[in-house]
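Notes for the structure review
Each chain, letter by letter, is given below.
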Amino acid sequence: MKKSDIKTRKRDDITPVETRREWKLLYHQPGRPGLEEGYKLAGICRHCDLKDMCSLPKSEGGVWHCRYYKAFQKKSNLYSHVLEQLEKAKDVVHFDDNICKILTETMNEIVVHFPVKMRDGKVKVLTGYRVQHNNALGPFKGGLRFHPAVDIDEIKALATLMTWKTAIANIPFGGAKGGIQLDPAEFSQEEMERISRRFTFALGNNIGPEYDIPAPDVNTNSQIMAWIQDTYMSTVAPNERNRCAHVVTGKPIESGGSQGREKATGQGVVFLIEKWASDYGMDLKGATYTVQGFGNVGSWAARLMKLHGSKLIAVEDVTGSILNKDGIDPDDLAAYVKVHGGVWGYLKAEPIDHVTFFTTKADIFIPCALENQITDTTAELLDVRLIAEGANGPTDTEGDKILQRRKIAVIPDILCNSGGVIVSYFEWLQNKRSEFWDLEEVDFKLRKTINAAYDRVRGAAETHKVDWRTAAQIVALSRLEMVYKERGIFP
Ligand code: NAD
């Protein structure tokens, strides 16, 4: 079967098996930005089981595999982007050099290698990270990511972003991040439990309810938080056990989780889109939007946008990209993704390639996948008015410059996706006070907190005449600078 054959066929004629084949071919399309010939895979491609270079002839697009492995092979430069942003903001408002020196470095970088027994009886030694960037404003706080692309630089960058995020939201936490370099698809549920528990044990007292509080991130969820919570609580003295329930947030409700935490990041994104739309005259009813990443953040953001009468027209995740200009029902797609693990093969939309996804004209683009997706190539393709960054670091330095030149408005990640850590703070407070807030109360407080953060960032952008990313950074640095100046540097 040739690619040209597929294009001329009607979708109704395609059986599910053939559809998968069609998707597989799309995966091997050449010319996707950022994909380069000659990259060698480091494992078995999860999508097509090929071990090395693609075996399809070049005429059929046999150049490369999926972007999942792009992420694995092409190391992210997110950390340098984060430091560049810091420098840029520092120059605008002449921040104290000494304080900037402190914030340029992470406080603690913990790397653990721990053994886990696999289902075949063999032992695998895995590498896990926890980076604690800064705790001037409160205990370290940040998610745990399980992904093949996880490495120390990525975690350092994400930990640093957490410090800015909590400072902008004005909540009493510092910044941290952690993760394990693994592909969850390779492990059974039982193995994932053993990995999560053994990682927690290896971290030991480097985390704690008043010291460093993990939460879910890419490929981690409330179940993994429950295992971490239980492991931590089981390794402290019995009389301390119940004072440690808030060692993680994003737990299941029954284990002390908060109402509204699961949707919190997506909800925060949508509250901010609402506010921006009202400030800048965009009618959300009938507005079109595209979403990259359809996991926790992306699927919730998409579903909550539907409540405003907005129309989802294109979605991309690690399995592929889909388009339906008449609208994709986000609830229906979420139900499909739950069963099939991705948007790949969803028959109520047509499969498209990565370039078409980025060129799709819409009012709003909501990136909710990984970092470095809006680059010098893809930023030129985007045809949208607003980008609401649900993901951390989705725009790289070059992409950012292009968005500014093209006057595409951006609600930057450190403001836009702070709904998650804000409701994590609410969960932590509820646990400490033995309280249970209802969803209405959580949503009310989230909206108030995140809208206040938005006002601070918009105010800084207007005062200093800078883009919103720099403005957000200025807000964060100002708060941290104030605290360091009040307290001084010990001794
Ligand atoms: P998730 O694991 O639930 O979902 C990740 C999604 O991204 C999946 O749909 C996956 O298919 C997609 N994806 C992965 N690689 C991709 C690629 N190369 N191209 C396209 N899609 C790809 O993760 P999540 O919790 O929704 O997190 C998504 C982003 O939001 C991350 O950047 C994360 O750091 C950020 N974030 C998450 C939270 C939270 O509360 N979960 C809070 C703040 C920020």
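What counts and how
Residues numbered from 1 in each chain as written. Predicted model: local features only at pLDDT ≥ 70, side-chain atom pairs only at ≥ 80, totals over all residues. Heavy atoms only, no water. Axes fitted to C-alpha atoms, helices over the stretch in contact; angles between N-to-C directions. Helix = DSSP H or I, 4+ residues; strand = E, 2+ residues; numbered from the N terminus. Parallel < 35°, antiparallel > 145°, perpendicular 65-115°, else oblique. Left-handed = near helix turned anticlockwise from the far one by under 90°. Contact = heavy atoms within 4.5 Å. Nonpolar A, V, L, I, M, F, W, Y, C, P; charged D, E, K, R; others polar. Core = buried A, V, L, I, M, F, W, Y, C linked by side-chain atoms within 4.5 Å. Buried < 20%, exposed > 50% of the residue type's maximum accessible area, 1.4 Å probe, protein only. Phe/Tyr/Trp six-rings, centres within 6.5 Å; stacked < 30°, edge-to-face > 60°. Salt bridge = Lys/Arg side-chain N within 4 Å of Asp/Glu carboxyl O. Polar contact = N/O pair within 3.5 Å; in protein donor to acceptor, adjacent residues only side chain to side chain. Pairing = 2+ DSSP bridges.

**So, the packing of helix α7 (residues 189–203) against helix α8 (residues 222–234)**
Close contact between α7 and α8 brings their axes to 9 Å; oriented N to C, the two are set at 45 degrees. Judged by the inter-axis angle, α7 sits oblique to α8. Crossing hand, α7 versus α8: right-handed. Along its contact with α7, which presents Gln189, Met192, Glu193, Ser196, Arg197, Thr200 and Phe201, the element α8 presents Gln223, Ile224, Trp227, Ile228, Asp230, Thr231 and Tyr232. Here the residues of the contact of α7 with α8 sort into six nonpolar, five polar and three charged.

**Some points on the nonpolar core**
Of all hydrophobic cores here, the largest spans 89 residues; its most connected members are Trp164, Ile168, Ile273, Phe294, Leu333, Ile364 and Ile366. Top element by residues in this core is helix α18 (residues 468–487). It accounts for ten residues. When neighbours within four sequence positions are excluded, Leu333 is seen to be in contact with Phe294, Val315, Ile322, Ile328, Val343 and Tyr346.

**Quick notes on the packing of aromatic side chains**
The full count for this structure, using the stated rule, is 14 aromatic pairs. Considering the side-chain rings of Trp276 and Tyr280, the 5.0 Å spacing of their centres and the 25 degrees angle between planes classify their relative orientation as stacked. With Trp276 and Tyr280 both in helix α9 (residues 264–280), this residue pair falls four residues apart, about one helical turn. Under the relative-accessibility criterion, Tyr280 is labelled partly exposed at 32%. Ring geometry for Tyr425 against Trp428: centres 6.4 Å apart, planes inclined by 35 degrees, an arrangement best described as tilted. Pair noted here: Tyr425 and Trp428 are both in helix α16 (residues 419–433), with a separation of three residues, about one helical turn. Residue class for Tyr425 comes out buried when judged on its relative accessible area of 17%. A relative accessible area of 6% means that Trp428 is categorised as buried. Connected via pairs of aromatic rings, a cluster forms that spans Phe173, Tyr425, Phe426, Trp428 and Trp437.

**Here's the deal with the pattern of salt bridges**
Taken as a whole and assessed by the stated rule, the structure comprises 33 salt bridges. Measuring nitrogen to oxygen at the nearest pair gives 2.5 Å for the salt bridge that ties Arg119 to Glu191. Residue Arg119 is found in the loop between β1 (108–117) and β2 (123–134), and its partner Glu191 is found in helix α7; the two are separated by 72 residues along the sequence. Arg405 serves as the salt-bridge partner of Glu380, at 2.5 Å between the closest nitrogen and oxygen. Here the residue Glu380 occupies a position in helix α13 (residues 378–381), and Arg405 occupies one in helix α14 (residues 397–405), the gap between them amounting to 25 residues. For Arg405, a relative accessible area of 53% corresponds to the exposed category.

**Let's talk about α14**
Residues of α14 that are buried: Thr397, Gly399, Asp400, Ile402 and Leu403. Of the surrounding secondary structure, the elements contacted by the buried residues of α14 are α4 (78–93), α13, β11 (386–388), β12 (409–411) and α18. Put simply, Asp396 is the residue that caps the front of α14, since its side-chain oxygen is 3.2 Å from the backbone nitrogen of Glu398.

**Describing the sheet that holds strand β10 (residues 364–367)**
Ordered in space as β9-β8-β7-β6-β10-β11-β12, the seven strands form an open sheet in which the pairing is mixed. Where the open sheet ends on each side, the last strands, each with one partner, are β9 (350–352) and β12. Going across the sheet, the axis of each strand differs from the next one's by a mean of 20 degrees, ignoring polarity. Two elements, strand β6 (residues 288–292) and β10, share four bridges in a ladder whose sense is parallel. Each bridged residue has a counterpart across the sheet, and for Val291 the counterpart in β10 is Ile366. On top of the sheet, helix α10 (residues 296–306) reaches β6, β7 (311–317) and β10; it is set at about 165 degrees to β6, its chief contact.

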